[in-house]
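Residue strings, one per chain:
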Amino acid sequence: MYITREIERALFSRMGQRKVVLVTGARQVGKTTLLRECLPDGYSYVTLDDYSARSLAARDPMSFFTVYGYPAAVDEVQLVPELFRQVKYVVDQTEDRGAVILTGSQTYQLMQGVSESLAGRVGILEMSGLSLRELSGNLGKGAFVPSSLAGTPRVPRPEGFDLWSHIQRGNMPALQDSTVEWDAFYADYVRAYIERDVRQLVNLRDELKFRDFLVACAARTAQLFNATDVASTVGVDVKTAQSWLSVLEASGIARLVRPFWSNPSKRLAKTPKLFFMDTGLVCHLVGWTSPQTASRGAMAGHLFETFAVGEVLRSYMNAGKELRDVWFYRDSRKREIDLVIQEGRVLHPVEIKAATAPGAEAMANFSALKALNEYEIGTGAVICSTDRPYPLGEDVIAISPWEI
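Conventions we followed
Residues numbered from 1 in each chain as written. Predicted model: local features only at pLDDT ≥ 70, side-chain atom pairs only at ≥ 80, totals over all residues. Heavy atoms only, no water. Axes fitted to C-alpha atoms, helices over the stretch in contact; angles between N-to-C directions. Helix = DSSP H or I, 4+ residues; strand = E, 2+ residues; numbered from the N terminus. Parallel < 35°, antiparallel > 145°, perpendicular 65-115°, else oblique. Left-handed = near helix turned anticlockwise from the far one by under 90°. Contact = heavy atoms within 4.5 Å. Nonpolar A, V, L, I, M, F, W, Y, C, P; charged D, E, K, R; others polar. Pairing = 2+ DSSP bridges. Buried < 20%, exposed > 50% of the residue type's maximum accessible area, 1.4 Å probe, protein only. Right-handed = clockwise from strand over helix to strand, strands pointing away.

**What about the packing of helix α10 (residues 207-218) against helix α11 (residues 227-234)?**
Here comes step 1: Running from amino to carboxyl end, α10 crosses α11 at an angle of 135 degrees, the nearest separation of the two axes being 9 Å. Considering their axes alone, α10 and α11 lie oblique with respect to each other. As for how α10 packs across α11, the hand of that crossing is right-handed. Contacts between α10 and α11 pair Lys 209, Asp 212, Phe 213, Ala 216 and Cys 217 from the former with Val 230, Thr 233 and Val 234 from the latter.
Here comes step 2: Its residues assigned to classes, the contact of α10 with α11 comprises 5 nonpolar, 1 polar and 2 charged.

Structure, rendered in structure tokens:
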């Protein structure tokens, strides 16, 4: 059964503004299903995973759209980079918006093709796995900002829904079918990811070491990324570890959240935090095979934070917004705030706790933002396992992940 995706509204908006729309995202997050379910009548659909279509696109790009026509949706377009120039030619012959929809799961090749051939013609969206909003049907709230919580109706948890079971199983659409075996799904996913995506991005000579790198990064999710530490653990040099991290980012597996500094030049120089976008993949890689092992393990807090940050990031991605307004904070006194959401000159502090009822200590570091004189401190939030929102202090509210 198709689950309505929140990104649909952003997709139609981009289709009304741009001749070409590119939908990126990790494998298996539902890009193909989205297009097949949502595109208006009259669109042809073709995937370059199909050998005959891929062969035609590579051998004779000019004939490709003659055969398949347009408006068209072309899936896995990064497999044939030669097609980008033909897409440019096709859309330059028409004034129609949304003439060509492209999808792909490898950002490097996609962005290279866009920058070389489609600059100024393409609207870009990034898709992730299912959010809690999508599972509950509570759509259309836009990018998460704590100040938007005031006056909004409470979002109840669906009856029978167990949050830690969802965190451990993951947010891939295929896994919402309870008959799909969890461990086998992720074993196949990792194998296909290494064999297809990674090999096309880097000259991978040692698959076992790259898998060790995946595991090492999964074990460090929601933590500062120390390339030297990871490289030492895996047995590769730092340059390789940094290159492989770029692969995780480019394929939508992981995200780096940057630290907030009032001086923009400093933001690029400080250590980022690493977050996997799918907690189910984290659990598979580190061997947490049940919700109980995930929720009671030493990394339960980091796993819950990974999940909550993923929900926040998905709210931005699904709204078609940039992620550049989502930061974390850490100062020279080691005062940390898990997320800082920026609205112009207003900063919203967000702390994340796996506990059911955290107290005022959870917002203890929010006052650190007062040192940034050129900014205002807006409404704050503590995301936790509470069943219902409750106030923690002036302009700070404790909320469940369902409220994101």
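What follows continues from the structure just given.
**Comments concerning the sheet that holds strand β4 (residues 100-104)**
Here comes step 1: Ordered by their spatial adjacency, 5 strands build an open sheet running β2-β3-β4-β1-β5, and the pairing between neighbours is parallel. Each of the sheet's edge strands pairs with one partner strand only, and the pair in question is β2 (44-47) and β5 (122-127). For this sheet the average axis-to-axis angle between neighbouring strands, irrespective of direction, equals 15 degrees.
Here comes step 2: As judged from the 5 bridges shared by strand β1 (residues 20-25) and β4, these two strands associate in the parallel manner.

**Details of the sheet that holds strand β8 (residues 273-276)**
Here comes step 1: Strand order across the open sheet formed by 3 strands is β6-β8-β7, with antiparallel pairing between neighbours. Both edges of this open sheet fall to β6 (223-224) and β7 (254-257), since each of them pairs with a single strand only.

**Here we look at the pairing of β4**
Here comes step 1: Among the 5 residues that make up β4, 5 are buried, leaving the element largely enclosed by the rest of the structure.
Here comes step 2: Across the two faces of β4 the burial is the same, with Val 100, Leu 102 and Gly 104 and Ile 101 and Thr 103 all buried.
Here comes step 3: Two strands pair when backbone bridges link them, and strand β3 (residues 72-75) and β4 are joined in this way by 3 bridges, in the parallel orientation. Paired with Val 74 across the two strands is Leu 102, which belongs to β4.
Here comes step 4: One crossover worth recording links β3 to the parallel β4 by way of helix α5 (residues 83-92), and it is right-handed.

**A few points about the environment of Val 326**
Here comes step 1: Along the polypeptide, Val 326 turns up in strand β9 (residues 326-330).
Here comes step 2: Here Val 326 falls in the buried class, since its relative accessible area comes to 5%.
Here comes step 3: In this structure the C-alpha to C-alpha distance between Val 326 and Val 257, which are 69 residues apart in sequence, comes to 7.2 Å.
Here comes step 4: Apart from the residues lying within four places of it in its own chain, the contact partners of Val 326 are Val 257, Leu 313, Tyr 316, Leu 339 and Val 340.

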